[in-house]
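Residue-level structure breakdown
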Amino acid sequence: MKLLVTGCAGQLGVELMRQSFVGGAPDALGLARGRLDISDRESVGAALSAAKAEGCTVVVNAAAYTAVDKAETDTAHAFAVNRDGPGNLAEACARLDLPLIHVSTDYVFDGSKAGAYVETDPVAPLGVYGTSKEAGERAVRGRLNQHLILRTSWVYAGHGANFVRTMLRLAGERDELRVVDDQHGIPTSAGDIARAILAIAVKLDAARSESRYIPWGTYHYAATGPTTWCGFARAIVERAAARTGRQPKVTAISTAEFPTPARRPANSVLDCARVEQAFAPPRRPWQDGLSEVLDQLQAPKGSS
Ligand SMILES: NC(=O)c1ccc[n+]([C@@H]2O[C@H](COP(=O)([O-])OP(=O)(O)OC[C@H]3O[C@@H](n4cnc5c(N)ncnc54)[C@H](OP(=O)(O)O)[C@@H]3O)[C@@H](O)[C@H]2O)c1
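In short, a report on the structure. (Residues numbered from 1 in each chain as written. Predicted model: local features only at pLDDT ≥ 70, side-chain atom pairs only at ≥ 80, totals over all residues. Heavy atoms only, no water.)

**Describing the sheet that holds strand β5 (residues 147-152)**
Spatial strand order, β2-β1-β3-β4-β5-β10: 6 strands in an open sheet with parallel pairing. At either end of the open sheet lies a strand with only one pairing partner, and these are β2 (27-31) and β10 (217-220). Pairwise comparison of adjacent strand axes, ignoring direction, gives a mean angle of 25 degrees for this sheet. Contacting β1 (2-6), β3 (58-61) and β4 (100-105), helix α3 (residues 75-96) crosses the sheet at an angle of about 160 degrees to β4. (Pairing = 2+ DSSP bridges. Helix = DSSP H or I, 4+ residues; strand = E, 2+ residues; numbered from the N terminus. Axes fitted to C-alpha atoms, helices over the stretch in contact; angles between N-to-C directions. Contact = heavy atoms within 4.5 Å.)

**Topic: the environment of A252**
Looking at the element boundaries, A252 is found in strand β12 (residues 249-253). Given a relative accessible area of 38%, A252 falls into the partly exposed group. In sequence terms A252 and H220 are 32 residues apart; their C-alpha atoms lie 28 Å from each other. Once residues within four sequence positions are removed from consideration, A252 is found in contact with V179, D181, C230 and R234. (Buried < 20%, exposed > 50% of the residue type's maximum accessible area, 1.4 Å probe, protein only.)

**A few points about the site of the ligand**
Around the ligand, a shell composed of 23 residues is seen, among which L12, D37, T66, Y129 and K133 lie nearest. A distance of 2.8 Å separates a nitrogen atom of the ligand from a polar side-chain atom of D37. Protein chains shield 81% of the accessible area of the ligand, which is 900 Å² for the free molecule. Contributing elements (two or more residues each) for the shell around the ligand: α1 (11-19), β4 and α4 (128-143). At 3 residues, the largest contribution of residues to the shell around the ligand is made by β4. Considered class by class, the residues forming the shell around the ligand number 12 nonpolar, 7 polar and 4 charged. (Near = heavy atom within 4 Å. Polar contact = N/O pair within 3.5 Å; in protein donor to acceptor, adjacent residues only side chain to side chain. Areas by Shrake-Rupley, 256 points an atom, 1.4 Å probe, with all protein chains shown as cover. Nonpolar A, V, L, I, M, F, W, Y, C, P; charged D, E, K, R; others polar.)

**A word on the nonpolar core**
General note: in soluble globular proteins, nonpolar side chains tend to be found buried as a group. If you look at the biggest cluster of nonpolar residues, it comprises 90 residues, and the most contacted ones within it are L16, L48, I101, V179, I197, F232 and L290. Of the residues forming this core, the biggest block, 9 residues, is contributed by helix α6 (residues 190-209). V179 has contacts with F163, M167, W229, C230, A233, V250, T251, A252 and I253, leaving out every residue within four places of it along the chain. (Core = buried A, V, L, I, M, F, W, Y, C linked by side-chain atoms within 4.5 Å.)

**Remarks on the pattern of salt bridges**
Applying the stated criterion to the full structure yields 20 salt bridges. Close ionic contact of R264 with D69 constitutes a salt bridge, the shortest N to O distance being 2.9 Å. With R264 in the loop between β12 and α8 (273-279) and D69 in the loop between β3 and α3, this pair connects stretches of sequence that are 195 residues apart. On the basis of relative accessibility, which here comes to 26%, the residue D69 falls in the partly exposed class. Between E292 and R195 there is a salt bridge, with the nearest N and O atoms lying 3.0 Å from each other. Taken together, the positions of E292 in helix α9 (residues 286-298) and R195 in helix α6 put the pair 97 residues apart, joining distant regions of the chain. What emerges from the salt-bridge pattern is a single network uniting D192, R195, R284 and E292. (Salt bridge = Lys/Arg side-chain N within 4 Å of Asp/Glu carboxyl O.)

Here's what the structure looks like:
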């Protein structure tokens, strides 16, 4: 089988492309933003028609506008990519009878719940990014039955702009890192999300070709074990110190001490029971995903 991956140069997109073609995983046709702008409806229609002609049977949308703070002022752009883009993909998928796996975010929630969020909890995004992603979810549901929306959280990888790479850089420059300790979530490596999506896509494709029932809808997927940004930072710094010998102090601060343009949920821990029951994708502790990414980052160049 073969996937079409949009946004293939992003954190998740790169991991999807890296892991496809490997040992029984599906092939993938990747389109980065330069080849397909998902906010351009006509281009999306043409690209998906061509991809179907090339044998793609599942579309995975890894493209998104992910600059959470910048979105507060770059609103139209965020909505064009995060709402209109998935809507365009869903419309073309409906016309071509292709299923769509669309990736969404924990930031659709306001963080006021005491426990982990389940898929049926009410959404109430706090900022433009979350609002635009939530609108994208509705655009997909409204246009296409054959969809899976996977909400995930706190994504990082060995490439791209992310918290792990920022902490590693700061750990090399400073003696103290002050990190927010009152926002709870689950760091999830792009590699783990890619593995899960590929496993789900294989099951989807098999079920479709055998006309078996598929539980379309919205799911949560994250690594296991919640933490805070400060807990995550401490794990990054400790593991890096084992190799560099340099371990700055990590001081817990409150959200109020670190104001940002966009508000973020105090709790965005995702309950993943539903996806486990329906598709049993691989999941593991967030610390394992972190170790893998740190290994990638610290491997001698050319060895990965
Ligand atoms: N990052 C997180 O912490 C996080 C947390 C929860 C959920 N998510 C979700 O996880 C998914 C993957 O995120 P990620 O971390 O891999 O994001 P990412 O690294 O920012 O990658 C997104 C990719 O989409 C591309 N893109 C932007 N606008 C586009 C357009 N109009 N058409 C086509 N491609 C476009 C970007 O290209 P350019 O770089 O050229 O702009 C980039 O390559 C997204 O749906 C995101 O909302 C992310």
